[in-house]
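These are the residues of each chain, in order.
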Amino acid sequence: MRISALLFCMLAVAPAMAQDPYPSKPVRILVPYGPGGATDIIARIVAQRLTESLGQTFLVENRPGANGNLALEAAAKAPPDGYTLLVGNVSTNAINETIFAHQLQIKPSRDLTGIAKLVEIPHIVVASASFPPNTIAELVAAAKKEPGKINFASVGLGSYPHLDMEQLMLAAGVELTHVPYKGGAGQAIPAMIAGEVQVAFFNMASLLPHIKSGRLKALAAVPAQRLPELPNVPTLAEQGFPGIGTNAWQGMFAPRRRRNR
Amino acid sequence: MARHVRPAATPKPVIDRLHGAVVAVLTRPEQKEGLAKQMMSVEVSGSPQEFTDLVRQETAAWGAFFARSANTDRLAR
């Protein structure tokens, strides 16, 4: 009786022992940019916390290049065993599939499976303090008066600060002139303060100090709700443009299926 | 032989384990506060499928936006 009970127990645990419990070795998290940006920052925080809570090392591996496409391809082609993950964002994982359709060897939405959205970073429509319009309606009126005269900043052709303004222009039926800054927000924001460009869609993380100091002003909040930091700034939806503007997020992904290299 | 032991897809228990662990660590109050100071708001998905569906919807929406844009050439390389 005792022996058969023991045998039963051994048989019952055998299948579980045949496969190592996950994670049984270090896990790498690919990041499609170099260190320091928002996606890298959240990936490192998550890696640190998962290392603590799951008892295995989660290691961030920066794989910048080709607008994030190198990391997307590496993740999609990695063995689908949970030991290669990716932390991407709305650009790499929802926009690149369309704008880089001819360059990407994979389809991110088909070849990667989502684990979780991690964070969102709110964006706002921001303008130089010296730019007369204070609302989206005033911006639209000024653009209608002098088509193409107002410049808007972005961090590159096809970046979502660019695409968001294109969406607004399309919805409002106005024309602004695009000025891409390859050096990113760190280059575009001083240019806006100097008045070289008048408006942009940028994230709050880089803008808040300049809004507080009065060198830039917020015309609209992009999220569905007003931002606690800017309670007097109405949302784009409140100003008649619901659904415009990227809901910028960072999220974690794993390869969906085994693919031939 | 080796082909049999290599998984064909990331196993669901692994996806679920990671999802649960990520949600648990990011939704701790002190973690949320720390991220809020960097203007990052913790917005974890209810399930892996919910996030996968969201990414697919957004990918389709961006595709549709490009398709209907009057002047697509200037939007991409």
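Basis of the calculations
Residues numbered from 1 in each chain as written. Chains lettered and ligands numbered in written order. Predicted model: local features only at pLDDT ≥ 70, side-chain atom pairs only at ≥ 80, totals over all residues. Helix = DSSP H or I, 4+ residues; strand = E, 2+ residues; numbered from the N terminus. Rg over C-alpha atoms; globule rule 2.2 N^0.38 Å. Buried ≥ 20, exposed ≤ 12 C-beta atoms within 10 Å, placed from the backbone. Contact = placed C-beta atoms within 7 Å. Pairing = 2+ DSSP bridges. Axes fitted to C-alpha atoms, helices over the stretch in contact; angles between N-to-C directions. Nonpolar A, V, L, I, M, F, W, Y, C, P; charged D, E, K, R; others polar. Expected span 1.5 Å × (residues − 1). Core = buried A, V, L, I, M, F, W, Y, C linked by C-beta atoms within 7 Å. Domains from an automatic or database assignment.

Points about the overall build of chain A
Item 1. Within chain A one finds nine helices and ten strands.
Item 2. Here the C-alpha radius of gyration of chain A, 23 Å, is well above what a compact globule of 261 residues would show, namely 18 Å.
Item 3. Its C-alpha atoms give chain A principal-axis dimensions of about 90 × 40 × 30 Å.
Item 4. The buried share of chain A, taken over its 261 residues, is 45%.
Item 5. Of the contacts made within chain A by residues no fewer than 6 positions apart, 74% connect residues no fewer than 24 positions apart.

Side note on the overall build of chain B
Item 1. The secondary structure content of chain B amounts to four helices and one strand.
Item 2. Helices and strands appear in chain B in the N-to-C order α-α-α-β-α.
Item 3. Expressed as a percentage of the 77 residues in chain B, the buried residues total 22%.

As for the sheet that holds strand β7 (residues 177–180) of chain A
Within a sheet, adjacent strands bond to each other through the backbone by hydrogen bonds, running parallel or antiparallel.
Residue and element names in this part refer to chain A.
Item 1. The five strands are arranged β7-β6-β8-β5-β9 in an open sheet whose pairing can be described as mixed. The open sheet is flanked by β7 and β9 (216–221), the only strands paired with a single partner. Averaged over all pairs of adjacent strands, the angle between strand axes in this sheet comes to 35 degrees, irrespective of strand direction.
Item 2. In this structure, strand β6 (residues 151–154) lies alongside β7, joined through four bridges in parallel fashion. Looking across to β7, one finds that Ala153 is bridged to Val179.
Item 3. Packing of helix α7 (residues 160–172) onto the sheet brings it into contact with β6, β7 and β8 (199–203), and relative to β8 it is tilted by some 130 degrees.

Concerning the interface of chain B and chain A
Item 1. Opposite the 42 residues of chain B that make contact, chain A presents 48 residues.
Item 2. Counting only elements with at least two residues in the side of chain B that touches chain A, the list comes to α2 (12–26), β1 (41–42) and α4 (48–68) of chain B.
Item 3. Ranked by residues supplied to the side of chain B that touches chain A, first place goes to α4 of chain B with twelve residues.
Item 4. Tallied by class, the residues present in the side of chain B that touches chain A amount to 27 nonpolar, nine polar and six charged.
Item 5. As paired elements, strand β4 (residues 112–120) of chain A and β1 of chain B share two bridges and run antiparallel to each other. Within the sheet, the bridge partner assigned to Glu120 of chain A lies in β1 of chain B and is Ser41 of chain B.

Things to note about the environment of Ser24 of chain A
Residue and element names in this part refer to chain A.
Item 1. Mapped onto the elements of the fold, Ser24 is located in the loop between α1 (2–18) and β1 (27–31).
Item 2. Overall, Ser24 belongs to the exposed group, with 12 C-beta atoms counted inside 10 Å.
Item 3. When the C-alpha positions of Ser24 and Gly243 are compared, they lie 44 Å apart, and in sequence the two are 219 residues distant.

Observations regarding the sheet that holds strand β3 (residues 84–89) of chain A
Item 1. Taken in spatial order, the six strands line up as β2(A)-β1(A)-β3(A)-β10(A)-β4(A)-β1(B) in an open sheet, and their pairing is mixed. The two strands at the open ends of the sheet, each matched to only one other strand, are β2 (58–62) of chain A together with β1 of chain B.
Item 2. Here five bridges tie β1 of chain A to β2 of chain A, and the two strands are oriented parallel to one another. By the bridge assignment, Ile29 of chain A is partnered in β2 of chain A with Val60 of chain A.
Item 3. The sheet contacts of α2 of chain B involve β4 and β10 (249–255) of chain A together with β1 of chain B, and relative to β4 of chain A the element is tilted by about 5 degrees.

Focus: helix α2 (residues 38–54) of chain A
Item 1. Over its 17 residues, α2 of chain A extends 24 Å from the first C-alpha to the last, a length consistent with the 24 Å expected when each residue adds 1.5 Å.
Item 2. Looking at α2 of chain A, one finds that the buried residues are Thr39, Ile42, Ala43, Ile45, Val46, Ala47 and Leu50 of chain A.
Item 3. In the core, the buried residues of α2 of chain A are packed alongside β1, β2, β3, β4 and β10 of chain A together with α2 of chain B.

A word on the nonpolar core
Residues and elements named next belong to chain A.
Item 1. Core analysis: the biggest nonpolar cluster contains 87 residues, and Val46, Ile124, Val126 and Ala200 have the highest contact counts within it.
Item 2. A total of six residues in this core trace back to one element, the largest contributor, which is α2.
Item 3. Taken together, domain 1 (10–121 + 249–255) and domain 2 (123–221) each give at least three residues to this core, which thus spans both.
Item 4. Not counting residues up to four positions away in its chain, the partners in contact with Val126 are Val199, Ala200, Phe202, Leu207, Leu216, Ala218 and Leu219.

Here we look at the domain arrangement of chain A
Residue and element names in this part refer to chain A.
Item 1. As assigned here, chain A comprises domain 1 (10–121 + 249–255) and domain 2 (123–221).
Item 2. When each unit is reduced to the centre of its C-alpha atoms, the spacing between domain 1 and domain 2 is 32 Å.
Item 3. On the domain 2 side, the residues contacting the six residues of domain 1 number six residues.
Item 4. Residues of the side of domain 1 that touches domain 2, tallied by class, amount to five nonpolar, one polar and no charged.

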